[in-house]
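Single-letter residue listing:
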Amino acid sequence: MHKKKIIGICGYSGSGKTTLLKQVISLLIKQGFNVGSLKHAHHDIELDIPGKDSYELRKAGSVQTAIVCDNRYAIIHETPNKPADLATVINQFTDVDIILIEGFKHEKIPKIICHRQTINHPVFIDDLTLAIASDNQLNISIPLLDINQPQQVVKFILDYLFN
């Protein structure tokens, strides 16, 4: 397992993962934590602007391209036909206390599953599911968190990662 402090926030589309994560990140930062986030996309992503020099360098065949300004930097790794595994991406994170991972529900990581009553799917639970964050009462044998109470989710995450 990873040495870094990671936890997944997973669930079906529309279950409130991003909404919950934005609130959780904000609350963790207020408590002094440096938080990293990692999001799974189900589509191809383009991080640079066509016509810009960095885009042209990447399109010319550079397998790693860094774009740097005074406030941030990004390193784009080309992985054609060889998707990066989650551990490789996690290991790219530095200077963070916690990495929150959105998506990747089938990965072998500890996770909280988001579930909303309006989503017409059964609750996803596997052997690494720590809790369910939901907007309704569920008959489950693991902790049930209120998805609309992000401070409750933060307390659960901190208890799990640091106790």
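Residues numbered from 1 in each chain as written. Predicted model: local features only at pLDDT ≥ 70, side-chain atom pairs only at ≥ 80, totals over all residues. Heavy atoms only, no water.

Undergrad: Before we go on, may I ask you to explain the packing of helix α1 (residues 17–30) against helix α4 (residues 150–162) in this structure?
TA: Two quantities define a packed helix pair, namely the angle between the helix axes and the distance between the axes. Relative to each other, α1 and α4 sit at 65°, their axes nearing to 9 Å. By the criterion of interaxial angle, the relationship of α1 to α4 is roughly perpendicular. Like other packed secondary-structure pairs, α1 and α4 cross with a definite hand, here right-handed. Taken together, the residues of α4 that come into contact with α1 (itself represented by Leu20, Gln23, Val24, Leu27 and Leu28) are Pro150, Gln151, Val153, Val154, Ile157 and Leu158. Residues belonging to the contact of α1 with α4 are distributed by class as follows: nine nonpolar, two polar and no charged. (Axes fitted to C-alpha atoms, helices over the stretch in contact; angles between N-to-C directions. Helix = DSSP H or I, 4+ residues; strand = E, 2+ residues; numbered from the N terminus. Parallel < 35°, antiparallel > 145°, perpendicular 65-115°, else oblique. Left-handed = near helix turned anticlockwise from the far one by under 90°. Contact = heavy atoms within 4.5 Å. Nonpolar A, V, L, I, M, F, W, Y, C, P; charged D, E, K, R; others polar.)

Undergrad: What is the right way to look at the pairing of strand β7 (residues 129–134) in this model?
TA: Regular strands place side chains that alternate from one sheet face to the opposite one. The buried fraction of β7 amounts to six of the six residues, a majority that puts the element mostly inside the structure. Sheet analysis places strand β6 (residues 111–115) next to β7, joined by five bridges and oriented parallel. What sits directly across from Lys111, in β7, is Thr129. Where β7 and strand β8 (residues 144–146) come together, three bridges link them in parallel fashion. Each residue of the ladder has a partner; that of Ser134, found in β8, is Asp146. (Buried < 20%, exposed > 50% of the residue type's maximum accessible area, 1.4 Å probe, protein only. Pairing = 2+ DSSP bridges.)

Undergrad: So what exactly am I meant to see when it comes to the nonpolar core here?
TA: One broad trend across soluble globular proteins is that nonpolar side chains are buried collectively. Counting residues in hydrophobic clusters, the biggest one holds 22 residues, and the most contacted among them are Leu20, Val24, Leu28, Leu100, Ile112 and Ile157. When residues of this core are traced back to their parent elements, those giving at least two are β1 (6–10), α1, β5 (98–102), β6, β7 and α4. By residue number, the principal contributor to this core is α4, which donates six residues. Excluding residues within four positions of it along the chain, Ile112 makes contact with Ile7, Gly8, Ile9, Cys10, Ala131, Ala133, Leu145, Val153, Phe156 and Ile157. Counting eight residues, the second-largest nonpolar core is a separate cluster that includes Ile6, Leu38, Ile90 and Phe93. (Core = buried A, V, L, I, M, F, W, Y, C linked by side-chain atoms within 4.5 Å.)

Undergrad: So what exactly am I meant to see when it comes to unusual backbone geometry here?
TA: Glycine aside, residues mostly have negative phi angles, and peptide bonds mostly take the trans form. In this structure, Asn81 takes a positive phi of about 60° despite not being glycine. By secondary structure assignment, the location of Asn81 is in the loop between β4 (73–77) and α3 (86–90). Using a relative accessible area of 83% as the deciding quantity, one classes Asn81 as exposed. Positive phi, close to 60°, is recorded for Asp95, a residue that is not glycine. Tracing the sequence through the fold places Asp95 in the loop between α3 and β5.

Undergrad: Looking at this structure, I do not really get the packing of aromatic side chains. What am I missing?
TA: Centre-to-centre distance and the angle between the planes together describe a pair of aromatic rings. Under the criterion given, the structure shown has one aromatic pair. Between Lys105 and the ring centre of Tyr12, over which it is positioned, the NZ or CZ distance is 4.1 Å. (Phe/Tyr/Trp six-rings, centres within 6.5 Å; stacked < 30°, edge-to-face > 60°. Lys NZ or Arg CZ within 6 Å of the ring centre and 35° of its normal.)

Undergrad: Looking at this structure, I do not really get α1. What am I missing?
TA: Along an α-helix, residues three or four apart share an orientation, since each turn contains 3.6 residues. Taking 1.5 Å as the rise per residue, α1 with 14 residues should run 20 Å; its terminal C-alpha atoms sit 20 Å apart, in good agreement. Those residues of α1 that sit buried are Lys17, Leu20, Leu21, Val24 and Leu28. Angular distribution of buried residues about the axis of α1 spans 95°; they occupy a single face of the element. Set apart from the buried face of α1 by more than 90 degrees, the exposed residues are Lys22 and Lys30. (Expected span 1.5 Å × (residues − 1). Arc of directions from axis to C-beta.)

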